[in-house]
Number of protein chains: 2
Amino acid sequence: MHHIDEHDKLIRALSRLPGIGRRSAERIALTIAHEKALLLEPLLNALQGVKDNITTCDCCGVITTHNTNPCAICSSTTRDKSILCVVENSDDILAIEKSDSFNGVYHALNGRISPMTGVRPEDLRLKELFERVSSDGVKEVILAINTDVEGDATASYISEKLATLGVKTTRIAFGIPADSGILYTDPITLKRAFNGRLPASKINLN
Amino acid sequence: MHHIDEHDKLIRALSRLPGIGRRSAERIALTIAHEKALLLEPLLNALQGVKDNITTCDCCGVITTHNTNPCAICSSTTRDKSILCVVENSDDILAIEKSDSFNGVYHALNGRISPMTGVRPEDLRLKELFERVSSDGVKEVILAINTDVEGDATASYISEKLATLGVKTTRIAFGIPADSGILYTDPITLKRAFNGRLPASKINLN
């Protein structure tokens, strides 16, 4: 075997990234070694940039820069701070922002309650959530939490606590995804779509 | 949209790596931003190590360090320098080394003759190959070049040139891969396996 320590180290570091297996890491590491100007330099600079500048927003938890903390969303003057959207992870914030479907502010829990993996309510950013709701004049909390056993349990936990604070709590709709077929939709989703039905005149397709 | 320049830059740098699409790059970049100690630091250090230390061997073309050039294979005293294995890319050297099937030395062409994509013989490390063969006491050249139209053309070109230098030239066998079924083998491979048949007593399965 032709071993080079630096090369092996890069393969190991790449293998730890999500979705990259050993074989992909080997292929990427070799390509990087051969394309220093085209691939290695930009990646190195980009990582250094992330290392030096990126952090998570102290308020909502989304990625932001050290210079902009609280983040651009939390410090925006055009967003409605009376509507707070709770998500499991800050990545969800980016997805919602991309969809341009919400103009309030966010709060990432950094996980969900999961007795199976030992995640308790006190391990999440729940204390911060309840503090924000109590002190920031929040009128509505929208739970944009995934719908599975743990997500549903987390949503229930939060809505019960918020009820004691007298804040309106809603949950985003679950139903048939856009451009999908009823024929191919799973039974749980169909059931939720029926339960969540609205008067046709009230449905906004934009 | 919640844009952060450093984050976008990392997504773009990751997207350029082989096998990583835009969606994977976004996922990796987010994970890296959240796991600085676990993922970012080791990757950054590993890339810096590759940048500072790794180069390609002046002799055979395999990756090596600046301190070990010519590489460990080329400068080994236990390897048979009279047998030279020619490969398309230096990555092939690593694959052959892993298989522990060859104890001579290598020469990477850095490509193959490809009129379609404009790669001419003079674009490859062919001049260096013929110089090595002429001056280094090479007795046999083994062509470990892939078998497709361009690979076959490249192998023919080299073997014709080497014939004029009076050097024995062989090509590695093409046939049924190990642990594979004849039923599932494509017609071209089967044809080559029949053409390349050997007396059963001569076949070495180790």
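Scroll up for the structure.
Note that the structure is predicted; figures quoted are calculated from it, not measured. (Residues numbered from 1 in each chain as written. Chains lettered and ligands numbered in written order. Predicted model: local features only at pLDDT ≥ 70, side-chain atom pairs only at ≥ 80, totals over all residues. Heavy atoms only, no water.)

Asks: Which residues make up the sheet that holds strand S3 (residues 83-87) of chain B, and what values go with them?
Replies: Residue and element names in this part refer to chain B. Judged by pairing direction, the sheet is parallel, and its 4 strands sit side by side in the order S4-S3-S5-S6 without closing on themselves. Edge positions in the sheet fall to strand S4 (105-108) and strand S6 (168-171), since each of these pairs with one other strand and no more. Within this sheet the neighbouring strands show an average axis-to-axis angle of 25°, counted without direction. When S3 meets strand S5 (residues 140-144), the two strands line up parallel, connected through 5 bridges. Paired with Val87 across the two strands is Ala144, which belongs to S5. (Pairing = 2+ DSSP bridges. Helix = DSSP H or I, 4+ residues; strand = E, 2+ residues; numbered from the N terminus. Axes fitted to C-alpha atoms, helices over the stretch in contact; angles between N-to-C directions.)

Asks: So what's going on with the side chain of Glu26 of chain A? Residues and values would help.
Replies: Relative to the assigned elements, Glu26 of chain A resides in helix H2 (residues 22-34). With relative accessibility at 14%, the residue Glu26 of chain A sits in the buried group. Excluding residues that lie within four positions of it along the chain, Glu26 of chain A makes contacts with Ile11 of chain A together with Lys98 of chain B. (Buried < 20%, exposed > 50% of the residue type's maximum accessible area, 1.4 Å probe, protein only. Contact = heavy atoms within 4.5 Å.)

Asks: Outline the pairing of strand S5 (residues 140-144) of chain A, listing residues and values.
Replies: All names here are of chain A. Taking burial as the measure, the 5 residues of S5 include 5 buried ones, the bulk of the element. Residues Glu140, Ile142 and Ala144 of S5 are buried on one face, and the alternating residues Val141 and Leu143, pointing to the opposite face, are buried as well. With 4 bridges connecting them, S5 and strand S6 (residues 168-171) associate as parallel partners. For Ile142, the partnering residue across the bridge sits in S6 and is Thr170. Handedness of the crossover joining S5 and S6 through helix H6 (residues 149-164): right-handed. (Right-handed = clockwise from strand over helix to strand, strands pointing away.)

Asks: Residue-level account of H6 of chain A, with values.
Replies: All names here are of chain A. Spanning 16 residues, H6 covers 23 Å between terminal C-alpha atoms, matching the ideal 22 Å at 1.5 Å per step. The complete set of buried residues in H6 reads Gly151, Asp152, Thr154, Ala155, Ile158 and Leu162. Buried residues of H6, viewed axially, fall in a sector of 160°; they line one side. Exposed and oriented more than 90 degrees from the buried face of H6 are Val149, Glu160, Ala163 and Thr164. Elements that come into contact with the buried residues of H6 comprise strand S3 (83-87), helix H5 (126-135), S5, S6 and helix H7 (187-195). Phi turns positive one or two residues past the end of H6, at Gly166, with a value near 75°. (Expected span 1.5 Å × (residues − 1). Arc of directions from axis to C-beta.)

Asks: Report on the sheet that holds S5 of chain A, specifying residues and quantitative values.
Replies: Residue and element names in this part refer to chain A. Strand order in the open sheet formed by 4 strands is S4-S3-S5-S6, and the pairing between neighbours is parallel. Only two strands of the sheet have a single neighbouring strand rather than two, namely strand S4 (105-108) and S6. Geometrically, the sheet is characterised by an average inter-axis angle of 25° between neighbouring strands, direction not taken into account. Sheet strands in contact with helix H4 (residues 90-99) are S3, S4 and S5, and its direction is about 150° off that of S4. Against the sheet, H5 makes contact with S3, S4 and S5, and its axis sits at roughly 155° relative to S4, the strand it touches most.

Interpretation in functional terms is not warranted from these geometric data alone.
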